[in-house]
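As a plain string of letters, each chain reads:
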2 protein chains.
Amino acid sequence: MPKVGMEPIRRQQLIDATRACIGESGFAATTVQSIAKRAGVSAGIIAHYFGNKLGLLEATMRELLQQLKLDLIGRLPANPTAEQRIDAIIETNFSKTQTDPLSAKTWLAFWSSAMHEPTFARLQRINEKRLHSNLRYSFKQLNHPAPNQAAGTLAALIDGLWLRGALSPDGIQADRCIALCRHQTELLISVAKQHSNNTETA
Amino acid sequence: MPKVGMEPIRRQQLIDATRACIGESGFAATTVQSIAKRAGVSAGIIAHYFGNKLGLLEATMRELLQQLKLDLIGRLPANPTAEQRIDAIIETNFSKTQTDPLSAKTWLAFWSSAMHEPTFARLQRINEKRLHSNLRYSFKQLNHPAPNQAAGTLAALIDGLWLRGALSPDGIQADRCIALCRHQTELLISVAKQHSNNTETA
DNA sequence: TTTTATTAATTGATCATTCAATAAAAAACA
DNA sequence: TGTTTTTTATTGAATGATCAATTAATAAAA
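What counts as what
Residues numbered from 1 in each chain as written. Chains lettered and ligands numbered in written order. Predicted model: local features only at pLDDT ≥ 70, side-chain atom pairs only at ≥ 80, totals over all residues. Heavy atoms only, no water. Helix = DSSP H or I, 4+ residues; strand = E, 2+ residues; numbered from the N terminus. Buried < 20%, exposed > 50% of the residue type's maximum accessible area, 1.4 Å probe, protein only. Areas by Shrake-Rupley, 256 points an atom, 1.4 Å probe, with all protein chains shown as cover. Lys, Arg positive; Asp, Glu negative; His and termini not counted. Charge placed at Lys NZ, Arg CZ, Asp CG, Glu CD. Salt bridge = Lys/Arg side-chain N within 4 Å of Asp/Glu carboxyl O. Near = heavy atom within 4 Å. Polar contact = N/O pair within 3.5 Å; in protein donor to acceptor, adjacent residues only side chain to side chain. Contact = heavy atoms within 4.5 Å. Buried area = accessible area lost by both parts, 1.4 Å probe. Nonpolar A, V, L, I, M, F, W, Y, C, P; charged D, E, K, R; others polar. Phe/Tyr/Trp six-rings, centres within 6.5 Å; stacked < 30°, edge-to-face > 60°. Lys NZ or Arg CZ within 6 Å of the ring centre and 35° of its normal. Axes fitted to C-alpha atoms, helices over the stretch in contact; angles between N-to-C directions. Parallel < 35°, antiparallel > 145°, perpendicular 65-115°, else oblique. Expected span 1.5 Å × (residues − 1).

**Some thoughts on the overall build of chain A**
Here is step 1: Counting its secondary structure elements, chain A contains 10 helices and 0 strands.
Here is step 2: Helices and strands in chain A line up, N terminus first, as α-α-α-α-α-α-α-α-α-α.
Here is step 3: Its C-alpha atoms put chain A at 75 × 35 × 30 Å along the principal axes.
Here is step 4: Counting only residues that meet the buried cut, chain A has 51% of its 202 residues in that class.
Here is step 5: In the form shown here, chain A has an accessible surface area of approximately 9,800 Å², with 53% of it arising from carbon and sulfur atoms.
Here is step 6: Taken together, the 23 basic and 17 acidic charged side chains of chain A have centroids lying 5 Å from each other.

**Points about the pattern of salt bridges**
Here is step 1: According to the stated counting rule, one finds 18 salt bridges over all chains in the structure shown.
Here is step 2: A salt bridge links Arg62 of chain B to Glu58 of chain B, with the shortest nitrogen-to-oxygen separation between them at 3.0 Å. Taken together, the positions of Arg62 of chain B and Glu58 of chain B, both in helix 4 (residues 53-75) and 4 residues apart, correspond to about one turn of that helix.
Here is step 3: When salt bridges that share partners are traced, they join Asp71, Arg75, Asp87, Glu91 and Arg182 of chain A into one network.

**Focus on the protein's contact with DNA strand C**
Here is step 1: Around DNA strand C sit 21 residues in total, of which Val32 and Lys53 of chain A together with Arg10, Ser42 and Tyr49 of chain B are the nearest.
Here is step 2: The share of sugar and phosphate among atoms of DNA strand C within 4 Å of the protein is 79%.
Here is step 3: Here a phosphate oxygen of DNA strand C and a backbone polar atom of Gly5 of chain B are 3.3 Å apart.
Here is step 4: Met6 of chain B is positioned with one of its backbone polar atoms (N or O) 3.4 Å from a phosphate oxygen of DNA strand C.

**Observations concerning the side chain of His132 of chain A**
Here is step 1: Here His132 of chain A lies in helix 8 (residues 118-141).
Here is step 2: Residue classification places His132 of chain A among the buried positions, given a relative accessible area of 16%.

**Comments concerning the interface of chain B and chain A**
Here is step 1: The partner chain A presents 39 residues to the 39 residues of chain B that form the contact.
Here is step 2: When the buried area of chain B at its contact with chain A is split by residue, Met115, Arg164 and Leu167 of chain B rank highest and sum to 22% of it.
Here is step 3: The tally of links from chain B across to chain A stands at 2 salt bridges.
Here is step 4: For Asp159 of chain B, the salt bridge identified is with Arg164 of chain A, shortest N-O distance 2.6 Å.

**Regarding the protein's contact with DNA strand D**
Here is step 1: Taken together, 20 residues surround DNA strand D, and among them Arg10, Ser42 and Tyr49 of chain A together with Val32 and Lys53 of chain B come closest.
Here is step 2: What you see for DNA strand D is that sugar and phosphate hold 79% of its atoms within 4 Å of the protein.
Here is step 3: The backbone of Gly5 of chain A places a nitrogen or oxygen atom 3.3 Å from a phosphate oxygen of DNA strand D.
Here is step 4: One of the backbone N or O atoms of Val32 of chain B is found 3.0 Å from a phosphate oxygen in DNA strand D.
Here is step 5: Residue classes in the surface near DNA strand D are distributed as 9 nonpolar, 7 polar and 4 charged.

**Structural notes on the packing of aromatic side chains**
Remark: the centre distance and the inter-plane angle together describe each pair of aromatic rings, the angle taken between the planes.
Residues and elements named next belong to chain A.
Here is step 1: Evaluated as defined, the whole model comprises 10 aromatic pairs over all chains.
Here is step 2: Judged by centre distance (5.1 Å) and plane angle (90°), the rings of Phe110 and Phe120 are edge-to-face. Residue Phe110 is located in helix 7 (residues 101-114), and its partner Phe120 is located in helix 8; the two are separated by 10 residues in the primary sequence.
Here is step 3: Here Phe110 falls in the buried class, since its relative accessible area comes to 0%.
Here is step 4: Following the ring pairs from residue to residue traces out a cluster consisting of Phe27, Phe110 and Phe120.
Here is step 5: The residue whose ring lies beneath Arg11 is Phe50, and the NZ or CZ to ring-centre distance is 4.6 Å.

**Notes on the packing of helix 9 (residues 147-167) of chain A against helix 9 (residues 147-167) of chain B**
Here is step 1: In the contact formed by helix 9 of chain A and helix 9 of chain B, the axes pass within 6 Å of each other and the chain directions differ by 95°. Relative to helix 9 of chain B, the element helix 9 of chain A lies roughly perpendicular. Within the contact between the two elements, helix 9 of chain A uses Thr153, Ala155, Ala156, Leu157, Asp159, Gly160, Leu161, Leu163 and Arg164 of chain A and helix 9 of chain B uses Thr153, Ala155, Ala156, Leu157, Asp159, Gly160, Leu161, Leu163 and Arg164 of chain B.

**Description of the side chain of Thr60 of chain B**
Residues and elements named next belong to chain B.
Here is step 1: With respect to the secondary-structure elements, Thr60 resides in helix 4.
Here is step 2: A polar contact of 2.8 Å, which involves the side chain of Thr60, links it to the backbone oxygen of Leu56.
Here is step 3: Ignoring sequence-local partners within four residues, the contact set of Thr60 consists of Ile15, Thr18, Arg19 and Phe110.

**Let's talk about helix 5 (residues 82-93) of chain B**
Here is step 1: Helix length check: helix 5 of chain B, at 12 residues, gives a terminal C-alpha distance of 17 Å against a target of 16 Å (1.5 Å per residue), a fit within 8%.
Here is step 2: Listing the buried residues of helix 5 of chain B in full gives Ala82, Arg85, Ile86, Ala88, Ile89, Ile90, Thr92 and Asn93 of chain B.

Purely geometric numbers; function is a separate question.
This is how it looks when you write it as structure tokens:
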């Protein structure tokens, strides 16, 4: 049956199947057999395209991160204001593609594996730092007196809502999470404005 | 060698060993062999006291939850004010016993397993609800206009700081987390007070 | 003599990886 | 153009390791 040029097709099929398996059954129950079966190919092909199981898992996590990155870029207007940037970050993190139960479970599975798998830990840390520095930059623009702290608060709030949603039987309530994050942002900005007024009049 | 009355001793040894194994090597690498070895007993004894591996894991998670519960009770003064109650909750969640890297990793491992293991999911949900309802009750006492939302925010912030710390190479920075949560609580209370004034003068 | 405590070895299942075999397609060659 | 060789794509079976659970055996204590 072999046709030429299957590599990109098979790679994508296998990555998709991996996401589906992890989301559906978790990391522990995701075997190369179950992935191959879902992708409709033989298990041996995984070694051919990804070297081994870890290689496939790494490629899968990379794609999740890439998707998140592109999603944010797509939501950012040209020359965004600080408020717009924060808003785009919030919306991206609670977008449909990120909060459907399958993706949410896949993310959390990778997060917990990152504790003991250096490959995942590295990727996870890059993502975490990007979120934090994007937020910090925005709060700096808003003259927040403690941009680092404000960014840490909002980043943790996003991750926390995310985690609680992933573990909840109802899944992530995106609208409610976005509303909560927006409200929190307003709170943090109002603190920044009060500070601005105080230093101006001082 | 058998002595009588070993049951409580062995149970505790095995639970401790399980926590240590999961915290050190993660869920995937924690086998009954590795637990038994660390506890200095034979693997067969696990079946004798806990039925099977899942039974031991469940007992381990129960102990983590119990410890958290007792920790909070110990920190609550008699007839606490709402502020005191919130403060005790924050301090408990970032206490030494909860934030040392081993415990943090063990918690996160159970959280992610809860996605696909109903036994863990049930226990995790009970804990989550207790945190939320404790906070909601306190914000209600403070006349916060949206106690449910305020509780959701602080609970998510706690979990988020917790998650980010568990995945960070530096571990959980308890002091910083507590300071952040306190600051957030003040923010939320100040909103409550403004609301009180508005409704009084209206 | 029965109960409690414990081990070490066995069993059977599962899993990732490797490997030999197969064949279509492409390239090299005649 | 026709033929041979090489490359690419794929499978299914084997290999060997690992693991949870079971079991038979042992012995102290009641």
